Each structure stands twice: as structure tokens, then as C-alpha cells.
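# A structural walkthrough
Each chain is listed here by its residues.
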Amino acid sequence: MLYRLLINTCKSIVRNRKLDVDFVFRIITILSVAYLLFLIFYLGLNFGKVSLTGPSDDSVKWFNSVLIYLFLTGFFLLLLFQRNNSKDVIPYLHLPFKRNKIITYLLMITSCNFFTLGFISFLISFSISTVFQVYGLHDSLLYLMGLLLLLMIESYLVLLFKNLIGLAFPVQLLILVIASLLIILKVVLHISMEEISADFFQRLLSGDIILILFLILTLFILLIVNFRLLKNAIYYNDSQTSGVLWIFKKTKSYSFINEHFSYALLEIRLITRNKRLSGFFIIAIVFIFLFYYIIQNEQNSIYLSFIIFIILSGIFGYLFSQYLFSWESSFFDFISVRTFSVSKYLRAKHIIYTSLGLILLLFYLPLVIQGKMDIHLYLTALLYNSSIGYFIIFYMATFNTSRIDLGNSIFFNMQGYNVIQMITIMIIIILPLLLLLFLTSIFSVPQSLIIMNILSVLILSFHRKWYKIILQQLYRRKHINMEGYRR
Amino acid sequence: MISIENLLKKFGSTVAVDIENLNIPQGEIFGLVGNNGAGKTTLLRLMLDLLKPERGNIKSKSKIIYQSEHWKKYTGSFIDDNFLIEFLKPEEYFDFIGFLYGMDTTEIKKRLEGFGTFMNGEVFGINKYIRNLSSGNKQKVGIIGAMLSEPEVLILDEPFNFLDPSSQMSLKGILKRYHEGNTKTIIISSHNLNHISDLCTRVALMEKGKIIKDYANNSDSMKEIETYFNSQIGIF
């Protein structure tokens, strides 16, 4: 029975409906995932080289000291992005499957996710190239077992949080509290997370059976708790929408993705199928390579690096958003007379630009590993762009009144250009630099960056308000803009 | 269904539309005729809140159209290429419209089957973006897109333009079937008096932004309209 359910899951991954949309999209997705896994595997295989320690005890120790950050990142990534598997069991609720089997199946597929897959890819190559050579087979196997147990614990902890959020929405605050506590421990109390992490994983390497047993017990408890929660939650709620699981309905992430997917696809097609926008995309790629060269070869000050990272992390957003609504001028009438949600369209753009900024980090990963690129500085710039920069550009774009013919070439073509766009971009780049200068005159650099991060998150948490202001402005200027778009 | 009160739209000093009162009840096929520059397209644009009038109101189901967006849910329209998303393929365009109106793929397919003869195998499965279609096929995509959500109000500007004779006949059949049951309101502007006379239950004649005649469609009114156009070029 379980075997059949698992086979169906494999089929659903291979025959994913979203990949049917476009052949190019399918190829790009497959290549991206394969490239990412290869990169992670390669990183594990050459970890000694990239950490400049060689395949030695030191490289394992260094890896152990940063493992805590990897697990924390994984926890938040899974919490935010892991799909809700409850949907997969909907068809089986009609069939004569025992409820316990369905829940067991749900628990099994929960531990299978891209983060775990990536981590295991790394662990395998890292173990072959380094851990086995330094610590021998016995200790290495115990170490690997401990890490795998931790990965599973992490997956089920995320599931537990998601289930609890389904029961009571304010549980989300608990996650914020945990994140804040960690920041306080690190920044205010100056407790070294690296040392804690190194000690913990060194105990695994030295074959601490008690620790392994403790991890097994934790995993067991999490499984039992999740099992009970799911058992109570999985049922049809006929009074609401038939065919929708209660727990699934409570989780908003799927419907959010579903509602925004078509708008995101429209944006991707707008960029990839029109000469003028494709030209901008190529310019962005040129800049990305140029900055790679600069970062690799120049030792820049923190302020210059920050400017570079602001431009870099927001390069797609800046290039495309500054002409926002002018790109859409050729179908703005369509947007105006249909039940087209401009707000969702803007959100989709926002998500795409931010995601591209994150994906860019993968390209720069070798520089991060070599210590030539400060990842915190980059993420601060990305967060700033996402929370402040794009909103300012979106707002200023409501003043774009020129039509842009999408089929024209980008070169020697000033159609759609205006001075406001240039000034806006300048302000967006200079503003955070001034803030960083001010903060670093009072605090240390890491503290300043954390203050900036907190400010960005605070501003981002009011995103609905900013979208509302942008839309109000757009509707106020709608008729003026449309006259320009028809010229 | 749709009512216009004291409407004035100017482009500079030129009056484009000046209508004191016009009511289009539910279930009517309302035809707009007039020479170039008479204000037909401008009136349709005003009805879709694409232009802001200098004064006056347009109400749809008793609500002023530029004060809410309720009318978008039950109004389908096609005026020109700006109503198309030209970098999409026709299938993708219809899918997107379906998504906007909460239709699933099966429902979209089912509704598109009704336009099979009209499309004549020239729109689907040809792997072309809308921008690369001929003017006639673009026109077909726009009209189908407007009708896909089966709106209560359908607004079409010169729908017979660019269409070959067979497609024109096919479109006329589609619009007649669409109107069966008298629940749908259709507003059409056209230069082709034959089509207007075949389709419409009511015809308004526009000149310099004003509605100078408003007839129930019968043979006498069509003769009168023909006489009007003949008089414009000095034929009596």
C-alpha cells in the first residue's frame, strides 16, 4: 500500500503540471536543479580546498562550527517554502486506505525535500573526500548518522510548526521570538554559536552514543506528536469547501503561489519574449560578470562593496521596474478592463526580482567560500532592495506615461526613458549607504547590518500598506498614463 | 443596464462625445453607426473607463463605472490591439483570461469549442505569438477573448473589420446565439450597415459626438440611416 503511494508521489514530481507550461521553462528548471546539486556535490568534494585547510581535521572542525547556521537556514527555508504535502493525500481519502497508513506516508514524504537532498549530496561527497580519511569508518558513520537524524528532526520540527500554525495563527510569532533570541545571543550576549556548534558535532565524531540516543528519542517524540496532530487534522470539512483538507486550507502558502503563478508567468514571458526586455536581461548578465571580476580581483572597502551589492542584488529589479507600466503600455487597456489584479502582478514581479537576487548568490558562491564576498552584506543589500528599493521604484513608475514598443531594439533607443527614473535609482542606491555610514559611526559593522536588517523587515511587514499606496496612485493617474500609452 | 447622463468628452477644444441621456437596457443589441470621427470608439472607451470624461456619468447596473470595478466581472470587450497581450500565444492568452475569471482548463476548452468554426483552424495549434498573427486572426482572438467569460455585457468596436466574409457570417451567427434568451447586452459599433441591420435590436446614429437618431431596428429606420449616409456624399 505505502509503496504504491510513494510511486504516485514520484509520478507527481515527474509529471508536475507546472512544468508542462513551457518546454523552455521545463529545461531551465531541470538544468538549474541539476546544476545546483552538482555545485553542492562539487563543494563537498573540494571542501578542503575551498576552505583553504585541505582534507584535514581542520576542515571538518570548520565545517562543524558553521553547521548550526546551515541547520538554521534550512529550518527557515523549509518553514517558508516547503510545499504542504497534505494536498497529495486528498485523492486517497476516498479510497479504502487506512488513515494511519496515509499519515505514515505523509510523514515519510515530509522528510524528502530539496534542502535534505542538497545537504545529503554535500555530506556524501564531503565524507568521501575528507571525513572518512581523517576519522576512519566507525566514527564517520556515527557522525553521518547523527547528521541524518538532525536533518529528519529539522523536517519534522518544521512540520510541527506548520501544523501548529494551522491550529493557531499566532504561533508564527513564536518563530520570530526564536529568531530574535538567536540574534540576541549572538550579537548582544556575544555567545559564540560557532563554538557551540563545533563542540556538539565533535561529540558526534567522537562516538558519543548518549547523544545519538538523545537524537533518536527526539525524532521519535516529534514523529508521535506530528502523527497525532495530523490524525486529528486530516479530514474533509464539508461545511467549507468539499475536497479540501482542513489543514491544507489553513495553510495559505499554496493558494498564494497558485494565485500569483499566472502573473509571474506573464512577467517571465514579457521578459523573455520581447526584444527590448531581453536586451535589458543581457545587460544585467554582463554586469553580473563584470561585478564578479571586480569582487574577485579588488579588495574593496565595506561601503564600496555595499554599493556594489545593492546594485547587484537589485539589478533585475532596477532594470525592469524603472520602466514598469510602460512595458505594459501595449496591453494596458486589457489590464484596465479585465479583473486583472495589479496588486498580485506587482507582487509577482517583486517575488521574481527578489528570487533572482537570491539565485545570483549561487553564482557568487565560490567568492563567498573564498571569503572575498561578505554574505551578510549582500543579504542586507538584498533585503533592503526587497523591502524599500522596489517599493520606491514601483511608486515612481506610476509616473511613467510613455509607450514602449516591446519589439524594438534596446540600443540607441530612448523610448520610455525619463529623468525621474534615473534620479529614483540614484536615491535608492545612496539612501542605504548614508544609513550604513551613520550606523557604523555609532555601532560595529555587524551590529549596523543587523539594525538595517531589522529596519528592512519592519518596513517589509507593512507591504500591504505600500502596495495600497502604489495602487491608489496608479488609479489616480490611470487616465493620464493611458493617454500617453496610446501615443 | 447601462445609462449615460450628461456625458462630455473633449480632446483639446474638439468635442468627441456629448450625450445628454442614453439608456441601454439588459438584453439589447445596441448598434452604433456613424462616419469616421463621429465619436463611436470614444464612447465605447468611456463606457470601459479607459477615458475620463470632462463631465457626466456612465452607470453600469446603477453604479458609476469609474467609482468601482464591479462592472469588470460581467463586461467583456474588444476595441483594438491594446486589448491583446501580443507576446502570448492564443492558447496562453485564453488560459490567462480563464485564470482571471476563475475558470479551469476544462471549462476554457469547452467554451472555446463553441468558436471552432469561427477560428477556422487558423488560431490554435499554429505555435505563433499573437503579434505574428494576421490582422483578421488577431481580431478573432480579441473577440473570443472578450466572449470567453460569457459576460453579461459585451462591447465590440468594429468587430467585422479585417474578417473574411465567411468569418463575418460566422461571427454574426455566434453573436445571435449569444443573445438568445435576451439576457446578454451587446454593444457594437460598425460601419457595415448590413451587419448592424441583421444583428441589432436598436441602432443609434452618431455625428460629431452626439447621438442624432436613436431607432428601434426595422426596415424604415434602416432606410432612414441609409438616406442619411447618402446625403453626406450628396446622393439622394
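Residues numbered from 1 in each chain as written. Chains lettered and ligands numbered in written order. Predicted model: local features only at pLDDT ≥ 70, side-chain atom pairs only at ≥ 80, totals over all residues. Heavy atoms only, no water.

## What about the overall build of chain A?
The number of helices and strands found in chain A is 22 helices and 0 strands. When each of the 487 residues of chain A is scored for burial, the buried share is 46%. Considering only contacts within chain A whose residues lie at least 6 apart along the sequence, 79% involve residues at least 24 apart. A total accessible area of about 24,500 Å² is found for chain A, and carbon and sulfur atoms account for 72% of it. (Helix = DSSP H or I, 4+ residues; strand = E, 2+ residues; numbered from the N terminus. Buried < 20%, exposed > 50% of the residue type's maximum accessible area, 1.4 Å probe, protein only. Contact = heavy atoms within 4.5 Å. Areas by Shrake-Rupley, 256 points an atom, 1.4 Å probe, with all protein chains shown as cover.)

## Some points on the overall build of chain B
Across its full length, chain B carries 8 helices and 10 strands. Counting only residues that meet the buried cut, chain B has 55% of its 236 residues in that class. Taking all contacts inside chain B whose residues are at least 6 apart in sequence as the whole, residues at least 24 apart take part in 66%.

## A look at the confidence of the model for chain B
Of all residues in chain B, 99% attain a pLDDT of 70 or more, and the chain-wide mean is 89. Here the prediction assigns the complex a pTM of 0.67, and the interface score ipTM is 0.89. (pLDDT = per-residue confidence, 0-100.)

## Concerning the packing of helix α2 (residues 90-100) of chain B against helix α5 (residues 135-147) of chain B
Residues and elements named next belong to chain B. At a minimum axis distance of 10 Å, the contact between α2 and α5 shows a crossing angle of 20°. Here α5 runs roughly parallel to α2, going by the angle between their axes. The hand of the α2/α5 crossing is right-handed. Across from P90, Y93, F94 and I97 in α2, the residues of α5 making contact are V141, I144 and G145. Taken together, the residues of the contact of α2 with α5 break down into 6 nonpolar, 1 polar and no charged. (Axes fitted to C-alpha atoms, helices over the stretch in contact; angles between N-to-C directions. Parallel < 35°, antiparallel > 145°, perpendicular 65-115°, else oblique. Left-handed = near helix turned anticlockwise from the far one by under 90°. Nonpolar A, V, L, I, M, F, W, Y, C, P; charged D, E, K, R; others polar.)

## Regarding the interface of chain B and chain A
Taken together, the contacts link 33 residues of chain B with 29 residues of chain A. Buried area between chain B and chain A, both sides added, is near 2,700 Å², and the carbon and sulfur share of it is 55%. Broken down residue by residue, the surface that chain B buries against chain A is led by L50, N82 and F87 of chain B, which jointly contribute 25%. If you look at where chain B meets chain A, you find 4 salt bridges. One salt bridge connects R269 of chain A with E92 of chain B, and the closest N-O pair in it is separated by 3.2 Å. Inspection of the region where chain B meets chain A yields 14 residue pairs in polar contact (both at pLDDT 80 or more). Of all the elements in the fold, those that place two or more residues in the side of chain B that touches chain A are β6 (75-78), α2 and α5 of chain B. Residues belonging to the side of chain B that touches chain A are distributed by class as follows: 17 nonpolar, 4 polar and 12 charged. (Buried area = accessible area lost by both parts, 1.4 Å probe. Salt bridge = Lys/Arg side-chain N within 4 Å of Asp/Glu carboxyl O. Polar contact = N/O pair within 3.5 Å; in protein donor to acceptor, adjacent residues only side chain to side chain.)

## Quick notes on the sheet that holds β6 of chain B
Residue and element names in this part refer to chain B. If you walk across this open sheet you meet the 6 strands as β6-β7-β8-β3-β9-β10, and the pairing is mixed. Edge positions in the open sheet fall to β6 and β10 (210-216), since each of these has one partner strand only. Across this sheet, the average inter-strand angle for adjacent strands is 15°, counted without regard to direction. Sheet topology places strand β3 (residues 29-34) next to strand β9 (residues 202-207); 5 bridges connect them, and they run parallel. In the sheet register, G34 faces β9, and the bridge partner there is M206. This element, helix α8 (residues 219-232), spans β3, β9 and β10 of the sheet and lies at about 20° to β9. (Pairing = 2+ DSSP bridges.)

## Comments concerning the packing of aromatic side chains
Across all of its chains, the model carries 42 aromatic pairs over all chains by this definition. On the basis of an interplanar angle of 50° and a centroid distance of 6.3 Å, the ring pair of Y263 of chain A and Y345 of chain A is categorised as tilted. Highlighted residues: Y263 of chain A in helix α12 (residues 253-272) and Y345 of chain A in helix α17 (residues 342-363), separated in sequence by 82 residues. Among the residues examined, Y263 of chain A registers a relative accessible area of 2% and is labelled buried. Under the relative-accessibility criterion, Y345 of chain A is labelled buried at 1%. Between Y228 of chain B and F229 of chain B the ring centres are 5.2 Å apart and the planes differ by 75°, which places this aromatic pair in the edge-to-face class. What makes Y228 of chain B buried here is its relative accessible area of 13%. Members of the aromatic cluster, joined through ring pairs, are Y263, F334, F340 and Y345 of chain A together with Y93, F94, F96, F99 and F124 of chain B. Above the face of the Y323 of chain A ring, R276 of chain A is positioned so that its terminal group lies 5.9 Å from the ring centre. (Phe/Tyr/Trp six-rings, centres within 6.5 Å; stacked < 30°, edge-to-face > 60°. Lys NZ or Arg CZ within 6 Å of the ring centre and 35° of its normal.)

## Topic: the pattern of salt bridges
In the structure shown here, the tally under the stated rule is 23 salt bridges over all chains. A salt bridge links D81 of chain B to K138 of chain B, with the shortest nitrogen-to-oxygen separation between them at 3.7 Å. Of this pair, D81 of chain B sits in the loop between β6 and α2 while K138 of chain B sits in helix α5; the two residues are 57 residues apart in sequence, bridging distant segments of the chain. A single network of salt bridges, built from pairs that share partners, joins E267, E328 and K349 of chain A.

## A word on the sheet that holds strand β4 (residues 55-60) of chain B
Residue and element names in this part refer to chain B. Spatially, β2-β1-β4-β5 is the arrangement adopted by the 4 strands of the open sheet, whose pairing is antiparallel. The strands lining the two open edges of the sheet, one partner per strand, are β2 (14-24) and β5 (63-64). With 2 bridges connecting them, β4 and β5 associate as antiparallel partners. Considered in β5, the bridge of S60 is made with K63. Where helix α1 (residues 40-47) meets the sheet, its contacts fall on β1 (2-11), β2 and β4, and the angle it forms with β1 comes to roughly 120°.

## Structural notes on α2 of chain B
Residue and element names in this part refer to chain B. For α2, the tally of buried residues reaches 8 of 11 residues, placing the bulk of the element in the interior. Along α2, the residues classified as buried are P90, E92, Y93, F94, F96, I97, G98 and L100. The first or second residue beyond α2 is G102, which carries a positive phi of 70°.

## Things to note about the environment of S3 of chain B
Take S3 of chain B: it is sitting in strand β1. Setting aside residues up to four positions removed in sequence, S3 of chain B forms contacts with L22, N23, N57, I58 and K59 of chain B.

## Some remarks on unusual backbone geometry
All names here are of chain B. Backbone geometry places S62, a non-glycine residue, at a positive phi of 70°. Within the secondary structure, S62 sits in the loop between β4 and β5. Looking at S62, the relative accessible area reads 65%, which means it is exposed. The phi dihedral of E158 falls on the positive side, at around 45°, and the residue is not glycine. Taking the relative accessible area as the measure of exposure, E158 reaches 10% and is therefore buried.

## Things to note about the environment of E69 of chain B
Residues and elements named next belong to chain B. Tracing the backbone through its elements, the reader meets E69 in the loop between β5 and β6. Judged by relative accessible area, E69 falls into the partly exposed class, the value being 38%. With 20 residues separating them in the primary sequence, E69 and D49 have C-alpha atoms 9.5 Å apart. A distance of 3.0 Å separates polar atoms of two side chains, one belonging to E69 and the other to K72.

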